[in-house]
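Descriptive analysis of the structure
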Amino acid sequence: MTTARTARIDDIEIWTDRHGAPTDPAILLLAGDTASATAWPQPLTDRFTAAGYQVIRLDYRDTGRSTRREFAGHPYTFDDLATDATAVLDTWDIDAAHVVGFGMGGGTAQLLALDHPQRLRTVTLSNCFALGIDFFGNWQRALTGEPTLDGLPTPDPDFTRLATSPAPPADAIQRALAGDFYDESELRAAARRAETHAGQPDTRKVHPHSQLRAGFDGRGEHLPAITTPALVIQGMRDPINPPPHGRHLAGLIPGARLVEIPGMGHSLPAAVHDTYATAILEHLRRNTQHSHTDSEPAQETA
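Anyway, here's the lowdown on the structure attached to this text. (Residues numbered from 1 in each chain as written. Predicted model: local features only at pLDDT ≥ 70, side-chain atom pairs only at ≥ 80, totals over all residues. Heavy atoms only, no water.)

Quick word on the pattern of salt bridges
- Counting across every chain of the model gives 15 salt bridges.
- Here aspartate 171 and arginine 188 are joined by a salt bridge, their closest N and O atoms 3.1 Å apart. Linking aspartate 171 in the loop between helix H5 (157-164) and helix H6 (172-177) with arginine 188 in helix H7 (residues 184-198), this pair joins segments that are 17 residues apart in sequence.
- Through salt bridges with shared partners, a single ionic network connects Asp171, Glu184 and Arg188. (Salt bridge = Lys/Arg side-chain N within 4 Å of Asp/Glu carboxyl O. Helix = DSSP H or I, 4+ residues; strand = E, 2+ residues; numbered from the N terminus.)

As for the nonpolar core
- Grouped together as the largest cluster of nonpolar side chains are 77 residues, with contacts concentrated most on Leu28, Leu30, Trp40, Phe48 and Tyr276.
- Once residues within four sequence positions are removed from consideration, tyrosine 276 is found in contact with Trp40, Leu44, Val100, Phe102, Ser126, Ile233, Ile261, Met264 and Leu268. (Core = buried A, V, L, I, M, F, W, Y, C linked by side-chain atoms within 4.5 Å. Buried < 20%, exposed > 50% of the residue type's maximum accessible area, 1.4 Å probe, protein only. Contact = heavy atoms within 4.5 Å.)

Digging into the pairing of strand S7 (residues 230-235)
- Among the six residues that make up S7, six are buried, leaving the element largely enclosed by the rest of the structure.
- Where burial is concerned, the two faces of S7 agree: the one with Ala230, Val232 and Gln234 and the one with Leu231, Ile233 and Gly235 are both buried.
- In this structure, strand S6 (residues 120-126) lies alongside S7, joined through four bridges in parallel fashion. For valine 123, the partnering residue across the bridge sits in S7 and is alanine 230.
- As defined by bridge partners, S7 adjoins strand S8 (residues 257-261) across five bridges and the pair is classed as parallel. Bridging across to S8, valine 232 finds its partner in leucine 258.
- On the question of chirality, the crossover connecting S7 to the parallel S8 by way of helix H9 (residues 245-252) is right-handed. (Pairing = 2+ DSSP bridges. Right-handed = clockwise from strand over helix to strand, strands pointing away.)

Considerations on the side chain of threonine 160
- Looking at the element boundaries, threonine 160 is found in helix H5.
- Judged by its relative accessible area of 0%, threonine 160 falls in the buried class.
- The residues touching threonine 160, leaving out its near neighbours within four places in the chain, are Trp139, Ala142, Leu143 and Pro155.

A closer look at the packing of aromatic side chains
- For the coordinates displayed, the defined rule picks out six aromatic pairs.
- A centroid spacing of 5.0 Å and a plane angle of 70 degrees characterise the contact between phenylalanine 71 and tyrosine 76, whose relative ring orientation is edge-to-face. Take phenylalanine 71 and tyrosine 76: they sit in the same class, and that class is buried.
- Taken together, a centroid distance of 6.4 Å and an interplanar angle of 80 degrees make the contact between phenylalanine 129 and phenylalanine 136 edge-to-face. In terms of burial, phenylalanine 129 and phenylalanine 136 fall into one category: buried.
- Following the ring pairs from residue to residue traces out a cluster consisting of Phe129, Phe135, Phe136, Trp139 and Phe159.
- Taking NZ or CZ as reference, arginine 61 lies 5.0 Å from the ring centre of tyrosine 76, over its face. (Phe/Tyr/Trp six-rings, centres within 6.5 Å; stacked < 30°, edge-to-face > 60°. Lys NZ or Arg CZ within 6 Å of the ring centre and 35° of its normal.)

Digging into the side chain of threonine 228
- Mapped onto the elements of the fold, threonine 228 is located in the loop between helix H8 (209-212) and S7.
- Exposure remark for threonine 228: the relative accessible area of 4% places this residue in the buried category.
- Apart from residues no more than four positions distant in its own chain, threonine 228 is found in contact with Ala113, Pro117, Leu120, Arg121, Thr122 and Val123.

A word on H5
- Of the residues making up H5, those classed as buried are Phe159, Thr160 and Leu162. Down the axis of H5, the sector holding all buried residues measures 165 degrees, keeping them to one side.
- Tucked into the core, H5 has its buried residues touching helix H4 (135-144) and H6.
- Structurally, the start of H5 carries an N-cap: the backbone nitrogen of aspartate 158 is 3.1 Å from a side-chain oxygen of aspartate 156. (Arc of directions from axis to C-beta. Polar contact = N/O pair within 3.5 Å; in protein donor to acceptor, adjacent residues only side chain to side chain.)

Comments concerning the pairing of strand S3 (residues 26-30)
- Buried residues dominate S3, accounting for five of its five residues.
- What you see with S3 is no split at all: Ala26, Leu28 and Leu30 on one side and Ile27 and Leu29 on the other are buried throughout.
- Sheet topology places S3 next to strand S4 (residues 54-58); four bridges connect them, and they run parallel. What sits directly across from leucine 29, in S4, is arginine 57.

Overview of the packing of helix H1 (residues 42-50) against helix H10 (residues 270-286)
- The contact between H1 and H10 brings their axes to 10 Å, and the two run at 35 degrees. In this structure, H1 meets H10 at a crossing whose hand is right-handed. Across the interface between the two elements, Pro43, Leu44, Arg47 and Phe48 of H1 pack against His273, Asp274, Tyr276, Ala277, Ile280 and Leu281 of H10. (Axes fitted to C-alpha atoms, helices over the stretch in contact; angles between N-to-C directions. Left-handed = near helix turned anticlockwise from the far one by under 90°.)

Thoughts on the environment of phenylalanine 159
- Secondary-structure assignment places phenylalanine 159 in helix H5.
- Here phenylalanine 159 falls in the buried class, since its relative accessible area comes to 5%.
- Separated by 39 residues in the primary sequence, phenylalanine 159 and alanine 198 place their C-alpha atoms 27 Å from one another.
- With residues near it in sequence (within four places) discarded, phenylalanine 159 still touches Trp139, Ile173, Ala176, Leu177, Pro239 and Ile240.

Printed below as a string of structure tokens:
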């Protein structure tokens, strides 16, 4: 069963939908940068509902069917995106959810764990960097060859040059993001779904990072205070947040578990759904009755 509702924050409307039974525990899915709710493939969502969870997805501001406005006249930060997520939970009358954030959504999920811990049952941080990492500076360092300030790798320089080129070859970015699992027909179908959902062509560069980043500044030192049971997923061929970013993030959060998925890039192709869903569902089951309190991150290779 799928239903849709609109969350309202002042004069902003956030489109959201729910899959599954409203009496089941909730999973809130936060997609990556520039992505709408459709970035979470239906077969993956179906795995969660089949396991006994209701799944809530949302369109970020400026994506999908949510409010779109000129950023310069209506600025916001990652803190606002985190607040939007809590408003979505309110709209569905959900006190607390299992939150899964991918890419930029993983950064937003870290803010939720820090600032709204009462709204989270567990948190899964997938394919993202830790708050406190100078990600946006490192993106530029990847282009110049300068070393990072934290000793962790920059985004892949070849990918960075490709992503910032004025006219990248067709499907080249998608190939790079797919890791070992590029499937042209699958990606074209995903693009059609996103366009049909939004009612217009897919929008790029909708989140101006230089302004949004204020929500991340100075927050890295607070990560050890997170008490929400945490799972970190690392795509081993992620060109944006390559290894060992996942290991670094897991090491900052007490008791966090780390799952590394071989061949996975910065996307969710069908080839990784089984491994991905299994890792998350095991994390949810592990923490349904009790909190994980180990002092060191537990590592698993999928």
